[in-house]
Amino acid sequence: SCASLLQTCAKLASTNMSVVRQVLLSYGYVAIWMSTSMGVILFNKWILAYSGFHFPLALTLWHMLLCSTIAILLVRVFKVVKPLDMSPKHYRQRVIPIGVLYAASLWLSNSAYLHISVSFIQMTKALMPGLVYAVGVGFGTETFKGFTTFVMVIIAIGVGIAAYGEIHFILIGVVEQLSALIFEAVRLVLVQILINSKGMKMNPFQSLYYVSPACFFSLLIPFCTTELPILMKEFGEEFQFRPLILLANGFLAFFLNLAVFLLIGKTSALTMNIAGVIKDWMLIGWSQYLFKAPVTGLQLIGYTVAFLGVGFHNYQKLQQMKKMSTSKGHGGDKEGEDTPPPAKEEPDPSKTASPEKKPLLDESGDANGVAGDAPPEDSKV
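Predicted, not measured: the structure shown is a model, and the values here were computed from it.

Caption draft 1: Examining helix α5 (residues 128-139) more closely. Here α5 spans 16 Å end to end across 12 residues, near enough to the 16 Å set by a 1.5 Å rise per residue. Of the residues making up α5, those classed as buried are M128, G130, Y133, V135 and G136. In this structure, the buried residues of α5 make contact with α6 (146-164) and α7 (171-195). Taken from the residues just after α5, G140 is the one with a positive phi, measuring 85 degrees.

Encoded structure:
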């Protein structure tokens, strides 16, 4: 009848509108993350290389102080996020090593902005899958595979071609950036060993709450012995940098963590990886436009080789995940068919119920399934 047809059309329209709304929201989260991430990177480059504030350690220390303060307010004062049930011993053993490595990675990567271009820095980040793979093999979290190693070598060759084509190749900047990538690769593997494998999951706010103070105190000692004397001397003589710029930069860096939380929580890590590839190419263009950083044809050829290698590696990982998911699904079905349901056990009133043992970490704050920290390229706060 006409009425049932209208009801069916109304239901289809409602379903289509819901799908369209979800797609638009996903694109919105991607756009927010990409613009914020690019904004932080370009803002850091401008502050360190062009504004006269050539203190990468001080900038990183300021970011960690601001992130720590906001995270403490959110967790302890406003109670937006629940703290985790973590003892001081577990904090020393599991969080502090990660915080030290994170601090070193951030410090060195920000230092590289003083010497090499954003375009070249983004090209070197193509080495991250290979470094994480090599460190994982060394720590036993990855299995050595000949074909995977071959793909990583191809990526390294592509980055090497891009480095050879770099006009303004400054060795200290390259060493700083490569060292930052190595520290970040070790950090990511340790997150898997010390945090994820122990059943501990943190959303980005909890990560900031626990990791940022460890980063801050790790950076404080080298800051006091290296940049602080120079900073105090320039501040007393001709230092005229406006604090509002640092405040805006710090809040933008914190907002990046929120954008990461929204993107992964509302979409997936795969969406972030795909958007990250587009973001890297956009950053290369923006760096060339804003900072007049030349990009040669040889660099583009080398980065394209590395980009294809990274894309193929990600495709392999995706297929492997799908295969594991499918095999688990079939295994579960088979087990459900062959195994009869267990008999319901009646409680024994003669036994005294023991108090329930709390888990090491309260996972109630992990509503969106976000574990660990932000991706390396988005952690440069």
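Let's pick the thread back up.
Caption draft 2: A look at the nonpolar core. Counting residues in each nonpolar core, the largest one holds 63 residues, and the members touching the most others are F53, I195, M202, Y210 and F254. With sequence-adjacent residues up to four places away left out, Y210 is seen in contact with P83, L84, M86, Y91, V95 and M202. With 14 residues, the next largest nonpolar core counts M123, I155, V295 and A306 among its residues.

Caption draft 3: Examining the environment of P294 more closely. Tracing the chain through its elements places P294 in the loop between α11 (269-290) and α12 (297-338). Judged by relative accessible area, which is 28%, P294 ranks as partly exposed. In the structure, P294 is positioned 127 residues away from I167 in sequence and 7.4 Å away in space, judged by C-alpha atoms. When sequence neighbours within four positions are dropped, the list of residues in contact with P294 reads I167, H168 and Q299.

Caption draft 4: Layout of α6. Compared with the 27 Å implied by 1.5 Å per residue over 19 residues, the 27 Å span of α6 between its first and last C-alpha is a close match. Of the residues making up α6, those classed as buried are T148, V151, M152, I155, G158, V159 and A162. Within α6, the buried residues cover an arc of 115 degrees as seen down the axis, which keeps them to one side.

Caption draft 5: Highlighting a nonpolar patch on the surface. Taken together, I274, I278, M282, W286, Y289 and L290 make up a surface patch of nonpolar side chains, about 600 Å² in accessible area. Within the secondary structure layout, W286 lies in helix α11.

Reading the values: rules and limits
Residues numbered from 1 in each chain as written. Predicted model: local features only at pLDDT ≥ 70, side-chain atom pairs only at ≥ 80, totals over all residues. Heavy atoms only, no water. Helix = DSSP H or I, 4+ residues; strand = E, 2+ residues; numbered from the N terminus. Expected span 1.5 Å × (residues − 1). Buried < 20%, exposed > 50% of the residue type's maximum accessible area, 1.4 Å probe, protein only. Contact = heavy atoms within 4.5 Å. Core = buried A, V, L, I, M, F, W, Y, C linked by side-chain atoms within 4.5 Å. Arc of directions from axis to C-beta. Patch = residues over 30% accessible without salt bridge, like charges linked within 9 Å, V, L, I, M, F, W, Y side chains within 5 Å. Areas by Shrake-Rupley, 256 points an atom, 1.4 Å probe, with all protein chains shown as cover. Salt bridge = Lys/Arg side-chain N within 4 Å of Asp/Glu carboxyl O.

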